[in-house]
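Chain residues, written in single-letter form:
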Amino acid sequence: MIKIDITTLTITSSVKTHNFWGRIYMIPVATAQKLIVRADLKRIKAQTSWNHSPLA
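Residues numbered from 1 in each chain as written. Predicted model: local features only at pLDDT ≥ 70, side-chain atom pairs only at ≥ 80, totals over all residues. Heavy atoms only, no water.

## Re a nonpolar patch on the surface
Part 1: Judged by side-chain polarity, Leu 9, Ile 11, Val 37 and Leu 41 come together as a nonpolar surface patch covering roughly 260 Å² of accessible area.
Part 2: Locating Leu 9 in the fold gives a position in strand β2 (residues 9-11). (Patch = residues over 30% accessible without salt bridge, like charges linked within 9 Å, V, L, I, M, F, W, Y side chains within 5 Å. Areas by Shrake-Rupley, 256 points an atom, 1.4 Å probe, with all protein chains shown as cover. Salt bridge = Lys/Arg side-chain N within 4 Å of Asp/Glu carboxyl O. Helix = DSSP H or I, 4+ residues; strand = E, 2+ residues; numbered from the N terminus.)

See the structure below:
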């Protein structure tokens, strides 16, 4: 779920693992998710930073 208002961006990811293999599977998936979210936030910031100039 992604929620955006004027000053806050919230991203929530929730996963329930039901057994050992699910937990093992989530190790690389969780790492990949962190990298993807960081890249997305960096891209969003770059695309929107011109709208929020402190001198405006």
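Let us keep going from here.
## So, helix α1 (residues 20-48)
Part 1: Look at α1: 42 Å from first C-alpha to last across 29 residues, which is about the 42 Å you get at 1.5 Å a residue.
Part 2: Taking the largest bend as the criterion, α1 deviates by roughly 30°, centred on Ile 27, and proline Pro 28 comes between one and four positions later.
Part 3: Measuring from the side-chain oxygen of the N-cap residue of α1 to the backbone nitrogen of Trp 21 gives 3.0 Å; that N-cap residue is Asn 19. (Expected span 1.5 Å × (residues − 1). Bend = angle between axes of the 7 residues up to and from the residue. Polar contact = N/O pair within 3.5 Å; in protein donor to acceptor, adjacent residues only side chain to side chain.)

## Notes on the packing of aromatic side chains
The description of two aromatic rings rests on the distance between their centres and on the angle between their planes.
Part 1: Counted by the stated rule, this structure contains one aromatic pair.
Part 2: Measuring from centroid to centroid gives 5.0 Å for Phe 20 and Trp 21, while their planes differ by 75°, and the two rings are edge-to-face. Both residues of the pair, Phe 20 and Trp 21, count as exposed. (Phe/Tyr/Trp six-rings, centres within 6.5 Å; stacked < 30°, edge-to-face > 60°. Buried < 20%, exposed > 50% of the residue type's maximum accessible area, 1.4 Å probe, protein only.)

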